[in-house]
Amino acid sequence: MQFDRMRRWTRDLIAIDSVTGREGELAAFLARELPARGWTIRELPVQGTRRNLLASFDTEQPRICFNTHLDTVPEAYGPDEDSERLYGRGACDTKGILAAMLEALEEARGQGVEGLGLLLVVGEETDHVGAKAAGEAMLEPEVLIVGEPTENKFLRAQKGLLTARLTAGGIEGHSGYPEVCDSAVDRLLPALEALRSASWLKQHSDAGTTLNISLLQGGDAFNKVPGTASASLMYRLSEPASRVMARVEELLQDFAVRTRDTGVDDPGQAEAGELVLDWHRAAASDPVDP
């Protein structure tokens, strides 16, 4: 395997901003560069101008397909490096993995393996729109290997997701007269504390259901009592989403808040005798040796 070339590939990929929704420049770069190395590129429409890429050598429907994603979380930075490591957005998740996949597939091709392909999808960090489109447009390969940072372990399960926007309303006014106001933040914070301290929640665990609270917003000036406040919730589920939703709804009955923009995705588990390498939500219990 050409490690120097793989390192150069990783640097080049990191240097291109491909935060979710901005994957186009990276897709265009790969669509230009890979054919020079003997790949055939197919662009698969997803949403608007966004495209998945299917790269292959000798087939339109790969028998053995590697898969990872083009997008990263915000914000883009790097690349930087020292004598041992490369640093930058996507170095691990998953531009370094993509560079390794390219080298591995080319080495396998050189050894006479046929039917190889590489599927690159958009939108993995948010709504998985690229993976969903690929599932509708492509025939299933015999082998699908999905690349995510997993400490080189094969995983056969994935956590589910439950997401929602939690909002609270109040009566805004000047902070000099709080007695005639009703702070939406004061309504929101106790609800958030109740959610994060729920007895059934695991604070730090790969095996249990966890909660991440982010994107808190409230008010529009430091000297005003806020009339609205909100926060985003993301549960990573080790149990059915319906069970967690019922618990959350019961808990929030005691607070003047409401939920909206709810998204649900139940945990996945391989059937007996089947190994499913789908590492997106990165929280499998029961890893198996590769």
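Quick caveat: nothing in here was measured; it's all calculated off a predicted structure.

Participant: Quick one: what's the story with the packing of aromatic side chains, residue by residue and with numbers?
Facilitator: Inspection of the entire model under this criterion finds 3 aromatic pairs. Relative to F57, the ring of W39 lies with its centre 4.1 Å away and its plane at 35 degrees, an arrangement referred to as tilted. Note that W39 is positioned in the loop between helix 2 (24-33) and strand 1 (40-47) and F57 in the loop between strand 2 (50-56) and strand 3 (64-69), a separation of 18 residues in sequence. Overall, the relative accessible area of 12% leaves F57 in the buried class.

Participant: Just give me the short version of the nonpolar core, but keep the residues and values in it.
Facilitator: W9, L13, L30, W39 and L118 are the most contacted members of the largest nonpolar core, which totals 30 residues. Counting only elements with at least two residues in this core, the list comes to helix 1 (3-14), helix 2, strand 2, strand 3, helix 3 (91-110), strand 6 (116-121) and helix 4 (129-137). The leading source of residues in this core is helix 3, at 7 residues. Leaving out residues up to four positions away in the same chain, L13 has contacts with L26, F29, L30, K95, L98 and A99. Core analysis: the second largest hydrophobic core is formed by 24 residues, L162, L188, A191 and L195 among them.

So, how was this worked out
- Residues numbered from 1 in each chain as written.
- Predicted model: local features only at pLDDT ≥ 70, side-chain atom pairs only at ≥ 80, totals over all residues.
- Heavy atoms only, no water.
- Phe/Tyr/Trp six-rings, centres within 6.5 Å; stacked < 30°, edge-to-face > 60°.
- Helix = DSSP H or I, 4+ residues; strand = E, 2+ residues; numbered from the N terminus.
- Buried < 20%, exposed > 50% of the residue type's maximum accessible area, 1.4 Å probe, protein only.
- Core = buried A, V, L, I, M, F, W, Y, C linked by side-chain atoms within 4.5 Å.
- Contact = heavy atoms within 4.5 Å.

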